[in-house]
Amino acid sequence: MFSYVVVAVFLMGSLRNFHVSGCDFNCADKPVFTPSRLVVKYGDSASAECVACTGACQNTLYNLEKSVGDVTRNGTTLLWTVGSLTEWDPSPDCYYNTDTNKQCCSTLPVIVYQPPESVSFSFINHTGPMFEHNQYTLQCTVENVAPVGNLVVTFYRGQTALDQQKSRISQLKPVSDTFTLNINVSKEDDGAQYWCEAKLELGPEGPQRPPVVASENITATVYYGPRLLNAENPNPIKITEGHSLRLNCSAVGNPIPSYTWTVPSASSSFPNDSVLTINSVNFEHEGQYTCTVSCMGRTVDVTFAVDVQADVIPYIIAAAVIAAVVIIAAGLVVYFQYYRHSKMGQYKLKDVLRSPKREAVPLQA
């Protein structure tokens, strides 16, 4: 008799845990998981609750199938707990048998994630300086991340996002993935910092701050030809003799541009600098000046036409002085002539020497 009881208990337990492969996931009253989706970091604990059925199913078969963890029963409510989740696809199934001996099932989606172990950034097949107007390929490599299908990589130039890419690999276990981006560099890229960022987008059930790992920065050095800071064809320059002359053909470039001057006077020599200065010009300095700017095998010529004009101010001053002297002399002549005639009158020498007659006056007694 005891043996029959043991066999009966065993059969009941077996039937209770019996689960056929044909599950109906679209039945009207299917089991409900709380939460409906679970996101767990690899190695962390996890738990979820399943209400197998809300109707009268006490006498039917119901269970929670799992590959890892424990199940605690409370009526038709099943609690699944895992102390340390170390499987990459542990999604449990909750089911019950219907009156027609079919199974109504639900699966709890469980995402087990692992942040990127490392993120590296580089230029493919290139080291050292880059050249303006050339194309280069950026590469971002993300090591050991799961699930890689939730990975999003962003390429940056400074704080400006250049492009965003998602992984095309469908794999639950940790894998590595590589992303590339082609760029055309210009002068403005010289000194810019390039880098990339890997982020796991795990949805609202995931961490409030999604796992993000950034690469190190790479500072770009871009070689570019000379670019003039002033006009390439300046207007003719008219300058007065004796004044200071300053010609400027400054340019930017990487490496720093070199300058060579061609001047009209063979006897004059000037340092090869971006600015040519003559403190006091004369007619010898008149003519055409050419500044040749060189950088990266490219040259730019800037031509200055200089016209030296005579300084007429000293002549004007001399003429004014002479005119003033003439005017003063003429004034003195006129003044003295006028004074002799109008103030002193005209005199004859015989009138000056002539004495007046004197008469004697008798004395009275």
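Further up the page is the structure itself.
The rules behind these values
Residues numbered from 1 in each chain as written. Predicted model: local features only at pLDDT ≥ 70, side-chain atom pairs only at ≥ 80, totals over all residues. Heavy atoms only, no water. Patch = residues over 30% accessible without salt bridge, like charges linked within 9 Å, V, L, I, M, F, W, Y side chains within 5 Å. Areas by Shrake-Rupley, 256 points an atom, 1.4 Å probe, with all protein chains shown as cover. Salt bridge = Lys/Arg side-chain N within 4 Å of Asp/Glu carboxyl O. Helix = DSSP H or I, 4+ residues; strand = E, 2+ residues; numbered from the N terminus. Core = buried A, V, L, I, M, F, W, Y, C linked by side-chain atoms within 4.5 Å. Buried < 20%, exposed > 50% of the residue type's maximum accessible area, 1.4 Å probe, protein only. Domains from an automatic or database assignment. Contact = heavy atoms within 4.5 Å. Pairing = 2+ DSSP bridges. Axes fitted to C-alpha atoms, helices over the stretch in contact; angles between N-to-C directions.

**Quick word on a nonpolar patch on the surface**
Turning to step 1, where the next piece is worked out: On the surface, Ile 328, Leu 332, Tyr 335 and Phe 336 cluster together into a nonpolar patch covering about 440 Å² of accessible area.
Turning to step 2, where the next piece is worked out: Within the element layout of this structure, Tyr 335 appears in helix α2 (residues 313–344).

**Some points on the nonpolar core**
Turning to step 1, where the next piece is worked out: Ranked by size, the top nonpolar core spans 28 residues in total, and within it Phe 123, Leu 138, Val 142, Leu 151, Val 153, Phe 155 and Tyr 194 carry the most contacts.
Turning to step 2, where the next piece is worked out: For this core, the element with the highest residue contribution is strand β13 (residues 135–145), accounting for 5 residues.
Turning to step 3, where the next piece is worked out: When residues are assigned to domains, this core turns out to be shared by domain 1 (23–113) and domain 2 (118–220), each giving three or more.
Turning to step 4, where the next piece is worked out: Tyr 194 has contacts with Phe 121, Phe 123, Leu 138, Tyr 156, Arg 157, Leu 162, Ile 183, Asp 189, Glu 216, Asn 217, Ile 218 and Ala 220, leaving out every residue within four places of it along the chain.
Turning to step 5, where the next piece is worked out: Counting 24 residues, the second-largest nonpolar core is a separate cluster that includes Ala 46, Ala 52, Trp 88 and Leu 108.

**Some thoughts on the sheet that holds strand β21 (residues 237–240)**
Turning to step 1, where the next piece is worked out: Taken together, 4 strands build an open sheet; the order of strands is β21-β27-β26-β24 and the sheet is mixed. Looking at strand neighbours, the two that pair on one side only are β21 and β24 (258–262), the edges of this open sheet. For this sheet, the mean angle separating the axes of adjacent strands, direction not counted, is 25°.
Turning to step 2, where the next piece is worked out: With 9 bridges joining them, strand β26 (residues 287–295) and strand β27 (residues 298–309) adopt antiparallel strand pairing. Across the sheet, the residue bridging to Thr 290 is Thr 303, located in β27.

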